[in-house]
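These are the residues of each chain, in order.
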Amino acid sequence: MSSQPILEARGIVKQFPGVRALDGVNFDVRPGEVHVLIGENGAGKSTLSKILMGVIAADEGEILFEGRPIRLRSPLDARQHGIGGVYQEFMLVPWLNVAQNIFLNREPRRWKGLPFVDHRRMHEESREILSAFGLEVDTRLPVKHLDTALQQMVEISKVLSTSPRVLVLDEPTAMLTDREVSRLFERIEELRRQGVAIVYISHRLQEIRKIGDRVTVLRDGRYVGTVNIRDVSDDQLVEMMVGRSISQMYPRSRRAPGAEALRLQGFSVKGGPQEADFVVRYGEIVGLAGLVGAGRTELVRGIFGIDPIQKGELLIDGRKVTPRSPNQMIQLGVGLLSEDRKRFGLALKSPVHWNTVMASLRRHFPRGVVRERKVQSIAREYVEKLRIVTPSVLRQVRYLSGGNQQKVVMAKWLDTKAKILIFDEPTRGIDVGAKAEVHALMDQLAQEGNAIIMISSDLPEVLGMSDRIYVLFQKRIVGEFKHGEANQEKIASLMLGIGTGVKTNAS
Amino acid sequence: MNRNVRALIAPIFRLTFVAALCIALTIMNENFLTWTNIINVLRQATLLVIVGLGLTAVILTAGIDLSVGGVLALVGCTTAQLLKSGLPIPVAVLIGLAVGTAVGFLNGVMVGVIKLPPFVATYGAKWIAEGLALLLMQGQIIFGFPSSYRWVGVGYVGPIPVPIILTAILVLAFDFFLTKTVVGRDIYALGSNRDAAYYSGVSVCKITILVYTLSGLTAGIAGLLMTARLDAAELGMGEPFLMQGIASVVMGGTSLLGGEGRVTGTVIGAIILTLVVNGLNLMGVPALWHQIVLGAVILTAVFIDLQMKKWAN
């Protein structure tokens, strides 16, 4: 490992309308190391990575490649210097197939110099590239037919196939399952040995410990410091990130649950869970664990009237209900905070106040005439109560950070006064500070007597927050645990279908 | 509040654009700034504004209605035939409006229930509406309606022409409906993010049917006004309104992607288009050149509008 940085950024400043995204940030990466960049959402990690990849230009500061100043005007410039990466936004062309995406703009030619694509070679090489990841994908499939995890893997494969000297990975594991994550880490390890310099952006502390060498922390666009990962504890890292120590990540005040809120009996949803038996009581948080594709999201979509129910019963407060539409379920006091807030939760170009009342307008204005001032004051209450960071309720939500966007979605569901709340991945993609706040809010909601169903891929979160836990594997509920009976190993093995979980009776 | 001011930048700019256009026309031609001419421009703009009202509602949901011209012609021709056959005016008018509303409703069902892309559904409806009009007219032009019918097109209340009053009432009603009612907010929510609106309990299907039905209704009203004004009905009468209608909506700041815009903007857009044509006529520019100038004005207005919005954010 040479100690000379291959890529270095000095005094980087980037101004966006209304925010200083980066304010004098320094960063460097050496060949053969994994340099982790961490920070809360909105800290400027992605902005910095985009500057390194030539996607956006810095306002001030300089970038040095092998000690010489360079200018990166476009991703192509970066690629010519051997800098490649995966940013958070989806970069594949949905209707092109896997091979076409991997070789986009550098297709192998049948005859040198002529514009005819050698399809056979393109597919062959794509298959090789993917099998290095242990992926068996039909390369003729348009990528829009792949699930998000596979798409992400294709995207990463694509970048790796250009053999970059500097590889920038912006939250590459956000959509991946554990198995794929470990494959990715093997590849990263391999590349590191080959002398590739890797910039790795994440806010999952466990994983950066596994693969990182050094770590640079950003906070509010400012450079906090660079340390060797081995020299610091998790608590110290969190404190560097949020500027204060977080006393409790999973605050729960446990108490005896109340009456039965929602019950499923032999509940089967098309393409989703089969024969599910499930109960949640008022005042209780019930965790739903399982791999992506195990049927968790389909289960709650069935409850919420989005996907049709094949058989079985749904009882709310002991009364039988046939879910037909979200509208009907909202009126019955059910709310669903979806896993994909940008797609199903928010009108990104609308301001905070209209988003807040999107599901509760009729409750506030039964006569049908809306008073915008009242809507604004309702929104202001939530901004204060949930500590949403926004200059005003008139701000379009797309300008808010991920954690604050998630709080707006929470405000929307709280404002429906739903008694049964379903949270699908409530803390995905939000930073540590906001995560603790979301948890505290969920605990408060449970204390106030609401019934909460929480889906999460984050096992510590499931274990820390739930009163009871159901585990799903291949569309079936394969286990149920009370708080205290479960641990990470038991649940993980059930999720993977290798454990023999004692399925205690639900009722 | 700072942000409230910012939200006003684009609308203020649009008004400035109109004012600048007026000043330019006044300088270039002494006949422009006369009461008769101003009233004339506004009266000419009324049809476009009315078509634009329903169209704005549709475009706010990220949809499109390509059938407005066809519906306008069909309603005009239907009512004309009914009047000719001696039916009482209220009956003929109601049947005419019912036809327009029905086409709009069917558009809504095709888009909202059968889930055809709006472009395809309403394009098909355009051909069917025009075809029906053709069947009705058999290639003829109908003219000579009772003067009490013509009053809505050419009459005056005091110094103000009836169509301008009628249009003003419709604009106020639409603006109230879209911005101040729960259903109106649902339309915006649906246009901003259809999935999120559905998850939030908005009846996506009903709202979709509603906006297309409204568009059929307003196109129908425009059809009636036009026959009353021209004292004639013919097949091609709806032709200019589709593209000019969409242009008015877009120039008025309504996003084709949905969720953003307002009917007051559409009114301005329609007035700009009408002003340009009026100015060209006053200056004696041959009609052959009108389309080129119109196209350039539309592109410039939309471009500047987008820049203004970017700047305001």
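Residues numbered from 1 in each chain as written. Chains lettered and ligands numbered in written order. Predicted model: local features only at pLDDT ≥ 70, side-chain atom pairs only at ≥ 80, totals over all residues. Heavy atoms only, no water.

**Student:** How would you explain the side chain of B:D186 if you had to name every residue and give the values?
**Tutor:** Among the secondary structure elements, B:D186 is positioned in helix 8 (residues 182–192). Residue class for B:D186 comes out buried when judged on its relative accessible area of 3%. There is a polar contact of 2.9 Å between the side chain of B:D186 and the side chain of A:R362. When sequence neighbours within four positions are dropped, the list of residues in contact with B:D186 reads A:L361, A:R362, B:V202 and B:I207. (Helix = DSSP H or I, 4+ residues; strand = E, 2+ residues; numbered from the N terminus. Buried < 20%, exposed > 50% of the residue type's maximum accessible area, 1.4 Å probe, protein only. Polar contact = N/O pair within 3.5 Å; in protein donor to acceptor, adjacent residues only side chain to side chain. Contact = heavy atoms within 4.5 Å.)

**Student:** Tell me about the interface of chain B and chain A, and please be specific about residues and values.
**Tutor:** Facing the 24 residues of chain B at the interface are 38 residues of chain A. Each partner contributes to the roughly 2500 Å² buried at the junction of chain B and chain A, and carbon and sulfur atoms together form 55% of this total. At the boundary of chain B and chain A, one finds two salt bridges. In this assembly, chain B and chain A are joined by 11 residue pairs in polar contact (both at pLDDT 80 or more). Partitioning the side of chain B that touches chain A into residue classes produces 10 nonpolar, eight polar and six charged. (Buried area = accessible area lost by both parts, 1.4 Å probe. Salt bridge = Lys/Arg side-chain N within 4 Å of Asp/Glu carboxyl O. Nonpolar A, V, L, I, M, F, W, Y, C, P; charged D, E, K, R; others polar.)

**Student:** Account for the packing of aromatic side chains, naming residues and giving values.
**Tutor:** Summed over all chains, the structure comprises nine aromatic pairs over all chains. Both rings, one in B:Y198 and one in B:Y199, keep their centres 6.5 Å apart while their planes meet at 75°; by these two values the pair is edge-to-face. On the basis of relative accessibility, which here comes to 3%, the residue B:Y199 falls in the buried class. Aromatic rings pair up to connect A:F344, B:Y198 and B:Y199 into one cluster. One residue, B:R185, lies across the ring of A:W354, its end atom 3.5 Å from the ring centre. In this structure, B:R185 packs its charged tip against the face of B:Y188, placed 4.7 Å from the ring centre. (Phe/Tyr/Trp six-rings, centres within 6.5 Å; stacked < 30°, edge-to-face > 60°. Lys NZ or Arg CZ within 6 Å of the ring centre and 35° of its normal.)

**Student:** Can you explain the domain arrangement of chain A? Please cite residues and give values.
**Tutor:** By a widespread convention, an interface's size corresponds to the accessible area lost as its parts come together. Per the domain assignment, the segments making up chain A are domain 1 (7–242), domain 2 (257–333 + 419–507) and domain 3 (347–417). The gap between the C-alpha centroids of domain 1 of chain A and domain 3 of chain A is 35 Å. (Domains from an automatic or database assignment.)

**Student:** Explain a nonpolar patch on the surface to me, and be specific about the residues and the numbers.
**Tutor:** On the surface, a cluster of nonpolar side chains totalling about 430 Å² of accessible area is made up of B:I23, B:I27, B:M28 and B:M283. One can find B:I23 in helix 1 (residues 2–28). (Patch = residues over 30% accessible without salt bridge, like charges linked within 9 Å, V, L, I, M, F, W, Y side chains within 5 Å. Areas by Shrake-Rupley, 256 points an atom, 1.4 Å probe, with all protein chains shown as cover.)

**Student:** Break down unusual backbone geometry for me, citing the residues and quoting the values.
**Tutor:** Notably, A:K475 is not glycine yet its phi reads approximately 70°, a positive angle. Within the element layout of this structure, A:K475 appears in the loop between strand 19 (468–473) and strand 20 (476–482). One non-glycine residue, B:D231, lies in the positive phi region at around 55°. Mapped onto the elements, B:D231 comes out in the loop between helix 10 (204–230) and strand 4 (232–233). The class of B:D231 is buried, set by a relative accessible area of 18%.

**Student:** With reference to specific residues and values, describe the packing of helix 11 (residues 241–251) of chain B against helix 12 (residues 263–282) of chain B.
**Tutor:** Residues and elements named next belong to chain B. At a closest axis distance of 7 Å, the pairing of helix 11 and helix 12 adopts a crossing angle of 125°. Considering the angle they form, helix 11 stands oblique to helix 12. Crossing of helix 11 over helix 12 shows right-handed handedness. Residues Q244, A247, S248, V249 and M251 of helix 11 pack against G265, T266, G269, A270, I272 and L273 of helix 12. Of the residues that constitute the contact of helix 11 with helix 12, the class distribution is six nonpolar, five polar and no charged. (Axes fitted to C-alpha atoms, helices over the stretch in contact; angles between N-to-C directions. Parallel < 35°, antiparallel > 145°, perpendicular 65-115°, else oblique. Left-handed = near helix turned anticlockwise from the far one by under 90°.)

**Student:** Could you give me a rundown of helix 1 (residues 45–52) of chain A, with the residues and numbers involved?
**Tutor:** Residue and element names in this part refer to chain A. In terms of burial, helix 1 is a largely internal element, eight of the eight residues being buried. Taken residue by residue, helix 1 has K45, S46, T47, L48, S49, K50, I51 and L52 as its buried positions. One or two positions beyond helix 1, positive phi appears at G54, with a value near 80°.

**Student:** Report on empty space enclosed by the protein, specifying residues and quantitative values.
**Tutor:** For the structure on display, the rule yields three cavities of 30 Å³ or more. Each pocket or cavity is described by its volume, and for the largest cavity that value is around 120 Å³. When residues of the lining of the largest cavity are traced back to their parent elements, those giving at least two are helix 12 (352–356) of chain A together with helix 8 of chain B. Take the lining of the largest cavity: its biggest share by element is five residues, from helix 8 of chain B. A volume near 50 Å³ is recorded for the second largest cavity. For the second largest cavity, the full set of lining residues is B:F13, B:R14, B:F17, B:M251, B:I272, B:A301 and B:D305. Secondary-structure elements contributing two or more residues to the lining of the second largest cavity are helix 1 and helix 13 (290–312) of chain B. The greatest single-element share of the lining of the second largest cavity, amounting to three residues, is contributed by helix 1 of chain B. Taken together, the residues of the lining of the second largest cavity sort by class into five nonpolar, no polar and two charged. (1 Å grid on protein atoms, 1.4 Å probe; cavity = no way out; pocket = protein on both sides within 12 Å on 5 of 7 lines; lining within 4 Å. Points joined across faces, edges and corners; volume = space filled by probe spheres on them.)

**Student:** Got a sec to walk through the environment of B:A45? Specific residues and values, please.
**Tutor:** Residues and elements named next belong to chain B. When you line up the elements, A45 lands in helix 2 (residues 35–60). The buried category is assigned to A45, whose relative accessible area is 2%. For the pair A45 and P163, spaced 118 residues apart in the sequence, the C-alpha separation amounts to 9.8 Å. A45 has contacts with A270, I271 and T274, leaving out every residue within four places of it along the chain.

**Student:** Outline the confidence of the model for chain B, supporting the account with residue identities and numerical values.
**Tutor:** Scored by pLDDT, chain B has a mean of 92; 97% of the residues are at 70 or more. With pTM at 0.79, the complex prediction returns an ipTM value of 0.88. (pLDDT = per-residue confidence, 0-100.)

**Student:** Describe in detail helix 5 (residues 118–137) of chain B, supporting the description with residues and values.
**Tutor:** A turn of α-helix holds 3.6 residues, and therefore any two residues three or four places apart point the same way. Residues and elements named next belong to chain B. Its 20 residues give helix 5 an end-to-end C-alpha distance of 28 Å, which sits within 8% of 28 Å, the value for a rise of 1.5 Å per residue. Within helix 5, the full set of buried residues consists of A121, T122, A125, K126, A129, A133 and M137. The arc that holds the buried residues of helix 5, viewed along the axis, is 140°, so those residues lie on one side. Exposed side of helix 5, more than 90 degrees from the buried face: I128 and L135 are the residues found there. (Expected span 1.5 Å × (residues − 1). Arc of directions from axis to C-beta.)

**Student:** Quick rundown of the pairing of strand 13 (residues 285–289) of chain A? Include the residues and the values.
**Tutor:** Residues and elements named next belong to chain A. Most of strand 13 is tucked away: five of the five residues are buried. Side-chain alternation along strand 13 places I285, G287 and A289 on one buried face and V286 and L288 on a second face that is also buried. As paired elements, strand 13 and strand 18 (residues 451–455) share four bridges and run parallel to each other. Across the sheet, the residue bridging to G287 is M454, located in strand 18. Relative to strand 19, strand 13 runs parallel, the two sharing four bridges. Residue pairing across strands places A289 opposite V471, the latter belonging to strand 19. (Pairing = 2+ DSSP bridges.)

**Student:** Run through the pairing of strand 17 (residues 420–424) of chain A, naming residues and quoting values.
**Tutor:** Residue and element names in this part refer to chain A. The element strand 17 is extensively covered by neighbouring structure, given that five of its five residues are classed as buried. In strand 17, alternate side chains face the same way, and those of I420, I422 and D424 on one face and L421 and F423 on the other are all buried. With five bridges joining them, strand 17 and strand 18 adopt parallel strand pairing. Of the residues in strand 18, the one forming a bridge with F423 is M454. With respect to chirality, the unit in which strand 17 leads through helix 16 (residues 432–447) into the neighbouring parallel strand 18 is right-handed. (Right-handed = clockwise from strand over helix to strand, strands pointing away.)

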